[in-house]
Amino acid sequence: MAGKEFELLKVIVTALTLAYAGDGLPSKAPDAVGMSATRLESIDRVVQRGITAGGYPGAAVVVGRKGAAVWEKGFGKLSWSPASSAVDAERTIYDVASLSKVVGTTTAVMVLYDEKKVDLDAPVFRYLPAFSGGSRDLVTVRELLTHTSGLPAGRDLWRRARSPQQARDMVLETALAYHPGTNYIYSDLGADLLGMIVEAVSGQRLDIFLNNRVFGPLGMRDTYYRPPDSVRYRIAPTEVTPPRGYPLKGEVHDENAYALGGVAGHAGLFSTAVDLSIFAQMMLNGGTYDGVQILTEPTVALFTRRATGHRALGWDTADGDYGSGRYLTERAYGHTGYTGTSIWLDPDRQMFVVLLTNRVHAAKAQRPARIIADIRSDLSDAAVLAVLDGPTPVLAMPDAFRADSRIGWTRPKPDIRPVRCTKAKRSRGARSSRRSRVKCSAASRRASSSRAVKSVKARAAAKAKAKKSASSRSVKAKKASSRGSAVKAKRSTARSSSVKSRTAESSVRSKAATRAKTSAKKSTRTAKRN
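Overview of the structure. Keep in mind that this is a model prediction, so the values were computed, not measured.

### Looking at the packing of helix H7 (residues 164-172) against helix H8 (residues 188-202)
Consideration 1: Look at H7 against H8: their axes get within 10 Å of each other, and the N-to-C directions meet at 110°. One element, H7, and the other, H8, form an angle in the roughly perpendicular class. Crossing angle aside, the handedness with which H7 passes H8 is left-handed. Along its contact with H7, which presents Arg 168, Val 171 and Leu 172, the element H8 presents Leu 189, Asp 192, Leu 193, Met 196 and Glu 199.
Consideration 2: Tallied by class, residues from the contact of H7 with H8 come to five nonpolar, no polar and three charged.

Here you go:
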């Protein structure tokens, strides 16, 4: 009896853990984890500048260090509508786009690798027999993870596939763009194949496997593919005019992921900044969080270490680019997402940075991609610069962040300064010349701008007038041509009638003459007989 009671107690404790573990990391003041609150305040200015510039309507940020959330904030709103809700780092759900590749697909492969169910150097066709033939027989799981498989970047599955199964078949039938292992092309199709491998090996759909083995045990309650309608009001919208023909909110933004049914290896995951902070801490802890082990420490080290160029296995690494900023250490790793998301982890500083935005939602800026790239880098830099006890000496704060300079955020206006030429005045005693003397000078910016506007208007008016004149001439020409054709037709008819009339008269005269001659001959013969 005691044994049964103990088992029941374990079930209750587990249920309570799953029910309440999703409240995020414990919060601590910056100075409690060796960070400067004053320096962290620059994060607010940087993120807000991106909103003011029209790059995205809102953002959620979590900076964590030494097992605690240090800077957890929401900025702006879910959409540009004044009636839209404010962003909440804990509750606002974002489409994380390509973060699905690492938080979802790569993590699932890591779980199966730990269980020795997936061999990184095995050919892909061992798990997916349909992916075979020619050079495809040489592609390994490892090459899918490092984007060196030879697969192209992607295919327009959404244009041709009429069902998720047909889209899957198209992925499996994709021909290689180059020989495996000889080149690097960031490929969504490779991630899709990895997701299919997880499903083939585990016998479960990718989203179900991840929920059972990763998100559920970690208490990531707002992380899922195809979010339910009950949380739709908390989801940040994405594109307003997609090929699907209606605004997107709660549906995956990526068209190919949608064609695959909303659950794909390369995209489809939705999450909150707080949920992703739990995941990041699990990775920094070597695969465990709050007493729950998801991965082994050697596997975490293997998959996050550089393998080919700047790529690790599934993950990207900090290389001073790709939104990672300048100051993360060589062991730092992370990833970005097309919708305006990123996650970076620095094991040497025991720190992570999570940024979620929906920059694809009706951006007001001319270059939202440039804006989000600068914000990602600035956020990472600001977090590192706030560390006071890191592996490197405390760095000086810059005079300005990228968001302060805003270089390339808008398209530069061409500085057109037309040359103004006038006839030069001649003195009375000057000799006359056949050639006019011309004096040219560059116009002032204001004058040139005004003249440029007038010139544009004048050209537009001239074009409109010419078009109207041409149209009028065309109509007149058509009418004239029509009248000419009618006259010609009448003349031709008249000539034809005249010819016929003359021919008839000639015929009558000829017949009369013939009858007269015949009659004369008959009279002569009669006279002779008499």
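### Considering the layout of surface pockets
It is the rolling of a water-molecule-sized probe over the atoms that shows where space remains empty.
Consideration 1: By volume, the largest pocket amounts to about 390 Å³.
Consideration 2: When residues of the lining of the largest pocket are traced back to their parent elements, those giving at least two are helix H11 (273-284) and helix H12 (297-303).
Consideration 3: Residue composition of the lining of the largest pocket, grouped by class: six nonpolar, six polar and six charged.
Consideration 4: Reported here for the second largest pocket is a volume of approximately 330 Å³.
Consideration 5: Looking at which element gives the most residues to the lining of the second largest pocket, the answer is strand S9 (residues 333-337), with three residues.
Consideration 6: A per-class count over the lining of the second largest pocket returns five nonpolar, five polar and four charged.

### Quick word on the sheet that holds strand S3 (residues 94-95)
Consideration 1: Strands sit in the order S3-S5-S4 across an open sheet of three strands; the sheet is antiparallel. The sheet terminates laterally at S3 and strand S4 (224-225), the two strands that pair on one side only.
Consideration 2: Summarising the sheet, S4 and strand S5 (residues 269-271) pair through two bridges and their orientation is antiparallel. Paired with Tyr 224 across the strands is Phe 270, a residue of S5.

Cut-offs used in this document
Residues numbered from 1 in each chain as written. Predicted model: local features only at pLDDT ≥ 70, side-chain atom pairs only at ≥ 80, totals over all residues. Heavy atoms only, no water. Axes fitted to C-alpha atoms, helices over the stretch in contact; angles between N-to-C directions. Helix = DSSP H or I, 4+ residues; strand = E, 2+ residues; numbered from the N terminus. Parallel < 35°, antiparallel > 145°, perpendicular 65-115°, else oblique. Left-handed = near helix turned anticlockwise from the far one by under 90°. Contact = heavy atoms within 4.5 Å. Nonpolar A, V, L, I, M, F, W, Y, C, P; charged D, E, K, R; others polar. 1 Å grid on protein atoms, 1.4 Å probe; cavity = no way out; pocket = protein on both sides within 12 Å on 5 of 7 lines; lining within 4 Å. Points joined across faces, edges and corners; volume = space filled by probe spheres on them. Pairing = 2+ DSSP bridges.

Functional significance is not addressed by these values, which are geometric in nature.
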